Amino acid sequence: MNVRRPRALLVMDPASFAEQFHEPQLRRLRELAEVGDPVSTADLDAPAARRALNAADVLVTSWGCPPLTAERLAEASRLRAVFHCAGSVRGFVTDEVWRRGLVVTTAAAENAIPVAEFTLAAIVFAGKKAPFLAQDARLHREDRSYLARRGELSNRGRTVGVVGFSRTGRRVVDLLRVLEPAEVLVADPYADADEVRAAGARLVALPELLARCDVLTLHVPALPATRHLIGAAELALLRDGATLINTARGSVVDTAALERECVAGRIDAILDVTDPEPLPAGSPLYDLPNVMLTPHVAGSLGSETRRLSESALDELERHVSGRPPRAPVTAGDLGVSA
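Computed from a predicted structure; not experimentally measured. (Residues numbered from 1 in each chain as written. Predicted model: local features only at pLDDT ≥ 70, side-chain atom pairs only at ≥ 80, totals over all residues. Heavy atoms only, no water.)

A. Representation of the sheet that holds strand E9 (residues 215-218) in the model. Ordered by their spatial adjacency, 7 strands build an open sheet running E8-E7-E6-E9-E10-E11-E12, and the pairing between neighbours is parallel. Since the sheet does not close on itself, it has two edges, and those belong to strand E8 (202-203) and strand E12 (291-293), each with one partner. The pairing of strand E11 (residues 268-271) with E12 spans 3 bridges and is classified as parallel. When the bridges of E12 are listed, Ile270 appears paired with Met292. The strands that helix H8 (residues 167-175) touches are strand E6 (159-163), strand E7 (183-187) and E9; relative to E6, the one it contacts most, it runs at about 165 degrees. (Pairing = 2+ DSSP bridges. Helix = DSSP H or I, 4+ residues; strand = E, 2+ residues; numbered from the N terminus. Contact = heavy atoms within 4.5 Å. Axes fitted to C-alpha atoms, helices over the stretch in contact; angles between N-to-C directions.)

The following block contains the structure:
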């Protein structure tokens with residue numbers, strides 16, 4: 001008996017579509033589902049897109065997907081699932097999606113891979129003080145006496161503090177095994193101590209983690225409860241010479257408090273995200289020799305983004321074959337995750 005293939009509509013900005021759906025991904029999409037015209041859209045209010053939405057059984061979404069409001073979904077009676085080929089669905093999944101009981105999945109686990117890789121590199125750089133020595137080299141040129149002022153340059157035997165036992169945080173803990181750290185500490189009110197121990201770390205309260213770590217790395221979502229989680233009082237607990245790494249969200253750190261600590265030279269920082277983003281042109285963090293700034297590049301870019309679209313297509317294949325989703329998202333999940 002022939003089983004009707006679902007009709008799929010891709011909803012994302014043109015840049016995401018061009019980057020995430022090359023010929024192999026489009027070929028697989030067409031093997032799994034029927035696609036119409038347009039194949040992809042970012043404007044669900046355009047007449048052609050509205051007709052495509054109302055005929056769709058499934059949506060494949062990514063960056064640039066507009067909110068799936070009750071008005072937009074009013075006539076989308078066939079819609080059964082939303083497969084997101086990026087991380088957080090918070091920006092476009094509305095209460096109407098949950099009210100309808102639609103299946104929602106995420107590729108956040110795949111997006112965690114390059115973030116964890118970047119974080120490991122940042123931790124290695126922090127142990128060797130590499131970004132800061134690079135700036136010293138530009139200033140001192142032939143005189144390398146500045147090396148002695150950076151303390152012990154080593155990654156073995158360091159204590160690393162991981163705030164957030166999230167998808168990325170778990171991967172970071174796993175990757176840290178290659179460095180032979182003295183100890184890996186995890187702070188997360190939702191984590192299970194046995195799971196953390198099995199991963200090779202120890203669950204502790206945040207103040208203890210901050211007071212003991214040589215390197216602090218943040219992996220928590222941007223939620224009201226996590227805004228300025230690392231503020232002046234928390235930064236004050238860090239030992240002199242510690243390095244703060246943020247590849248999570250800028251709002252997790254109180255920028256003004258971090259500026260004060262870094263200007264004083266007491267701690268170092270490696271920041272892929274900031275609050276605001278980008279920082280104002282007058283921020284002292286741009287010019288400090290103990291701060292490394294990158295423009296939000298830790299997450300999936302380039303060919304890495306096709307890992308996410310392939311994950312969403314895996315979910316579509318599971319849906320077509322009647323299997324449960326591998327990475328479902330529920331309304332309750334959004335209270336504690338990105």
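B. Inspection of the pairing of E7 at higher detail. Across the 5 residues that make up E7, a large majority, 4, are buried. Sheet topology places E6 next to E7; 5 bridges connect them, and they run parallel. Note that in E7 the partner of Val160 across the bridge is Val184. The parallel pair E6 and E7 is bridged by H8, and the resulting crossover is right-handed. Bridge count between E7 and E8: 2 bridges; the pairing is parallel. In the strand pairing of E8, Val186 is matched with Leu203. (Buried < 20%, exposed > 50% of the residue type's maximum accessible area, 1.4 Å probe, protein only. Right-handed = clockwise from strand over helix to strand, strands pointing away.)

C. Representation of helix H13 (residues 305-320). Under the 1.5 Å per step criterion, the end-to-end length of H13 is 23 Å for 16 residues, consistent within 8% with the ideal 22 Å. Within the span of H13, buried status applies to Thr305, Arg306, Leu308, Ser309, Ser311, Ala312, Leu313, Glu315 and Leu316. Buried residues along H13 sit against helix H1 (14-20), helix H2 (23-32), strand E3 (58-61), strand E4 (81-84), strand E5 (103-105) and helix H6 (108-128). Trailing H13 by a residue or two, Gly322 shows a phi angle of about 80 degrees, which is positive. (Expected span 1.5 Å × (residues − 1).)

These values are about where atoms sit, not about what they do.
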